[in-house]
Amino acid sequence: MRAVQPPPFGLRIAAILCAGAGFYGLLGALGVSVPLLASHRGPWLPLVLAPIGQLLICGGAILVWLRHRLGVLLLVIGWALPAAANQYFGGPLHLPGMLVLVGFLLIVVNVKHLR
């Protein structure tokens, strides 16, 4: 049986930052989206894509912890999907939070450790 090696320190920190930002963003997105879906008459797609994007960020953080390159793709899609929907429907562009940006930078620095 092969011993599982923990990810390098930089990837651990990046995954923790992205997971924390994704979870915190998910709470905020659900807190805003659920009440607005019941009373909102405008486009509902941005309200649905915001929590989905946060879930993708959490899933990407888990995959980065497991050292898979697919996690980076999920992190980027998790940020870009709600932002693109907001732009398409005339809403404001939301850039990723500072924690996600720092996580991205740490992942870029440690990309050689991903499979």
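Refer to the structure printed above.
Overview of the structure. From a predicted model like this one, the values you see are computed outputs, not experimental measurements. (Residues numbered from 1 in each chain as written. Predicted model: local features only at pLDDT ≥ 70, side-chain atom pairs only at ≥ 80, totals over all residues. Heavy atoms only, no water.)

This next bit is on unusual backbone geometry. Phi at R67 is positive, roughly 70°, even though this residue is not glycine. Position of R67 among the secondary structure elements: in the loop between α2 (45-65) and α3 (70-88). (Helix = DSSP H or I, 4+ residues; strand = E, 2+ residues; numbered from the N terminus.)

This brings us to the packing of α2 against α3. At a minimum axis distance of 7 Å, the contact between α2 and α3 shows a crossing angle of 165°. On the basis of the axis angle, α2 is roughly antiparallel to α3. In the crossing of α2 with α3, the sense of the turn from one axis to the other is left-handed. Two secondary-structure elements touch here, α2 through P46, L49, A50, I52, G53, L56, I57, G59, G60, A61, L63 and V64 and α3 through L70, G71, V72, L74, L75, I77, G78, W79, L81, P82, A85 and N86. Considered class by class, the residues forming the contact of α2 with α3 number 18 nonpolar, six polar and no charged. (Axes fitted to C-alpha atoms, helices over the stretch in contact; angles between N-to-C directions. Parallel < 35°, antiparallel > 145°, perpendicular 65-115°, else oblique. Left-handed = near helix turned anticlockwise from the far one by under 90°. Contact = heavy atoms within 4.5 Å. Nonpolar A, V, L, I, M, F, W, Y, C, P; charged D, E, K, R; others polar.)

Moving on, we come to the side chain of N110. Inspection of the secondary structure puts N110 in the segment after α4 (98-109). Its relative accessible area of 12% is what places N110 among the buried residues. In this structure the side chain of N110 is engaged in a polar contact, spanning 2.9 Å, whose partner is the backbone oxygen of L106. Leaving out residues up to four positions away in the same chain, N110 has contacts with G10 and L11. (Buried < 20%, exposed > 50% of the residue type's maximum accessible area, 1.4 Å probe, protein only. Polar contact = N/O pair within 3.5 Å; in protein donor to acceptor, adjacent residues only side chain to side chain.)

Take α3 next. For α3, which comprises 19 residues, the first-to-last C-alpha distance of 26 Å matches the rise-based estimate of 27 Å (1.5 Å per residue) to within 8%. Against the buried residues of α3 lie α1 (9-39), α2 and α4. Looking one or two residues past α3, G90 carries a phi angle of roughly 85°, positive in sign. (Expected span 1.5 Å × (residues − 1).)

A separate point is the nonpolar core. If you look at the biggest cluster of nonpolar residues, it comprises 13 residues, and the most contacted ones within it are L11, V64, L75 and I107. For this core, the secondary-structure elements that each account for two or more residues are α1, α2 and α4. A total of five residues in this core trace back to one element, the largest contributor, which is α1. Ignoring any residue separated from it by four or fewer positions in sequence, one finds L75 in contact with C18, I57, G60, A61, V64, F104 and I107. (Core = buried A, V, L, I, M, F, W, Y, C linked by side-chain atoms within 4.5 Å.)

Using the criterion set out here, one finds one aromatic pair in the structure. Between Y88 and F89 the ring centres are 5.0 Å apart and the planes differ by 85°, which places this aromatic pair in the edge-to-face class. (Phe/Tyr/Trp six-rings, centres within 6.5 Å; stacked < 30°, edge-to-face > 60°.)

Side chains of L37, W44, L45, Y88 and F89 sit close together on the surface and give an oily, nonpolar patch of about 570 Å² of accessible area. Within the secondary structure layout, F89 lies in the loop between α3 and α4. (Patch = residues over 30% accessible without salt bridge, like charges linked within 9 Å, V, L, I, M, F, W, Y side chains within 5 Å. Areas by Shrake-Rupley, 256 points an atom, 1.4 Å probe, with all protein chains shown as cover. Salt bridge = Lys/Arg side-chain N within 4 Å of Asp/Glu carboxyl O.)

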